[in-house]
Amino acid sequence: MVAESFGLVCTIPPPRPPAGSGGRFLDRDFRRSTAIDRRVAIVTGASRGIGRAISERLARDGRHVVAVSRSAAELDSLVASIRAAGGSAEARPCDVGDGKALGELIEAVAEAHGRIDILVNNAGITRDGLILRMSDEDFDLVLSVNLRAAFVTCRAAARAMMRGKFGRIVNLGSVSGLMGNPGQANYSAAKAGLVGLTKTIAKELGGKGITANVVAPGFIETDMTATLPPQVREQMLPQIPLRRFGTPEDIAAVVAFATSDEAGYMTAQVLVVDGGLAA
Ligand code: NAP
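Keep in mind that this is a model prediction, so the values were computed, not measured.

With respect to the overall build of the protein chain
Working step 1: In terms of helices and strands, the protein chain carries 11 helices and 7 strands.
Working step 2: The 279 residues of the protein chain split such that 42% are buried.
Working step 3: Looking at the protein chain alone, contacts between residues at least 24 apart form 74% of all its contacts between residues at least 6 apart.

Right, here's the structure in full:
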């Protein structure tokens, strides 16, 4: 049940009621005190592929994962598997192309947990086509999901991060946004836009203990790349110095570091994780 997944997950013992409360708990006290040890991480596009691997990795590293994507059933299965492994997670189904709903979701998470520590903007889509044939709709849709959604979440999460004097933002870019790629004018523009957005956020919020970085994957084995014809894959492989396509776990490992407490002196960077493809 999706509704069940909305509840705050608490895996540490409940605290004592505050002094002078007559032994009663206020919901607010409980929420704030149970969150002390566990950083809250929002991951968009969590239902599959790279986002799912990031969610599983962050949960394994002790984060409470707020998993966002459109498919409630897939999010519920992710949350169930994280909990079965002893982790903590909740599902928040949302279309990130709906800016109003997305902004409200971020505010609801901040209210429920009293904090947002980590934000990973991973949700992404492609609508490929050569520029001469690309429709306005396909351009706008790709920018809305890949770029505008990240602007909305960063703006909404920044307030909670500033209150906590801590924040780790990672936006998923792509080597397409750094090199350009025929057939991906919309996608490359969105991913290049994420670099400018991220560097600006890093400069605006750095003084508040908030870092912002881009992780830019190369060719990673997920649904997004599964439809590429075999001959395209064969042509690409020799161009990758490490001679293999990446896995979602390769990306998750870098995101885990970039969102860790230890990564506090790294900001405004583009971390390219592509087996050497773009070098
Ligand atoms: P994927 O397997 O196609 O998964 C995309 C994820 O985004 C899914 O969880 C999907 O969930 C979610 N999503 C898509 N549209 C959404 C929307 N409107 N609202 C909410 N969630 C939405 O893609 P992936 O390969 O894991 O890619 C993840 C990120 O890495 C993307 O930003 C992509 O651009 C980037 N990237 C991937 C590669 C690669 O080779 N795979 C390379 C460079 C960059 P629902 O369908 O359930 O909504």
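Some words on the site of the ligand
Working step 1: The ligand sits among 29 residues. The nearest are Gly45, Gly49, Arg70, Gly124 and Thr222.
Working step 2: Where the shell around the ligand is concerned, the elements lending two or more residues are helix H3 (49-60) and helix H9 (223-226).
Working step 3: Here the residues of the shell around the ligand sort into 11 nonpolar, 13 polar and 5 charged.

Points about the packing of helix H5 (residues 99-113) against helix H6 (residues 136-164)
Working step 1: The interhelical angle for the contact between H5 and H6, taken along N-to-C directions, is 25°, at an axis separation of 9 Å. Taken together, the axis directions place H5 and H6 in an arrangement best described as roughly parallel. In the crossing of H5 with H6, the sense of the turn from one axis to the other is right-handed. Residues Gly99, Leu102, Gly103, Ile106, Glu107 and Ala110 of H5 touch H6, and the partners they reach there are Arg148, Ala149, Val152, Thr153, Ala156, Ala157 and Ala160.
Working step 2: In terms of residue class, the contact of H5 with H6 is made up of 8 nonpolar, 3 polar and 2 charged.

With respect to H5
Working step 1: Between its first and last C-alpha, H5 extends 21 Å over 15 residues, near the 21 Å set by a 1.5 Å rise per residue.
Working step 2: Listed in full, the buried residues belonging to H5 are Leu102, Leu105, Ile106, Val109, Ala110 and His113. Considered in projection along H5, the buried side chains sweep an arc of 130° and stay on one side of the axis. Exposed side of H5, more than 90 degrees from the buried face: Lys100 and Glu111 are the residues found there.
Working step 3: Positioned one or two residues after H5, Gly114 has a phi angle of 75°, which is positive.

What to know about the environment of Leu102
Working step 1: Mapping Leu102 onto the fold places it in helix H5.
Working step 2: A residue is classified by how many C-beta atoms lie within 10 Å of it, and Leu102, with 23 of them, is buried.
Working step 3: With residues up to four places along the chain from it excluded, the contact list for Leu102 reads Cys94, Val96, Ala149, Val152 and Thr153.

Regarding the sheet that holds strand S6 (residues 210-217)
The strands making up a sheet associate through hydrogen bonds between their backbones, and the pairing can be parallel or antiparallel.
Working step 1: Read from one edge to the other, the open sheet built from 7 strands follows the order S3-S2-S1-S4-S5-S6-S7, with strand pairing classed as parallel. Edge positions in the open sheet fall to strand S3 (88-91) and strand S7 (270-273), since each of these has one partner strand only. For this sheet, the mean angle separating the axes of adjacent strands, direction not counted, is 20°.
Working step 2: Its contacts with the sheet place helix H8 (residues 185-205) against strand S5 (167-172), S6 and S7, and it is angled at close to 160° to S6.
Working step 3: Strand contacts of helix H11 (residues 248-258): strand S4 (118-121), S5, S6 and S7, with the helix running at about 165° to S6, the strand carrying the most contacts.

Description of the pairing of S4
Working step 1: Taking every second residue as pointing to the same face, both faces of S4 are buried, with Ile118 and Val120 on one and Leu119 and Asn121 on the other.
Working step 2: In this sheet, S4 lies alongside strand S1 (residues 40-44) in parallel orientation, the contact comprising 3 bridges. Paired with Ala41 across the two strands is Ile118, which belongs to S4.
Working step 3: Note that S4 and S5 share 4 bridges and pair parallel. Following the sheet pairing, Ile118 is matched in S5 by Arg168.
Working step 4: Handedness of the crossover joining S4 and S5 through H6 is recorded here as right-handed.

Each value, and the rule that gives it
- Residues numbered from 1 in each chain as written.
- Predicted model: local features only at pLDDT ≥ 70, side-chain atom pairs only at ≥ 80, totals over all residues.
- Helix = DSSP H or I, 4+ residues; strand = E, 2+ residues; numbered from the N terminus.
- Buried ≥ 20, exposed ≤ 12 C-beta atoms within 10 Å, placed from the backbone.
- Contact = placed C-beta atoms within 7 Å.
- Near = placed C-beta within 6 Å.
- Nonpolar A, V, L, I, M, F, W, Y, C, P; charged D, E, K, R; others polar.
- Axes fitted to C-alpha atoms, helices over the stretch in contact; angles between N-to-C directions.
- Parallel < 35°, antiparallel > 145°, perpendicular 65-115°, else oblique.
- Left-handed = near helix turned anticlockwise from the far one by under 90°.
- Expected span 1.5 Å × (residues − 1).
- Arc of directions from axis to C-beta.
- Pairing = 2+ DSSP bridges.
- Right-handed = clockwise from strand over helix to strand, strands pointing away.

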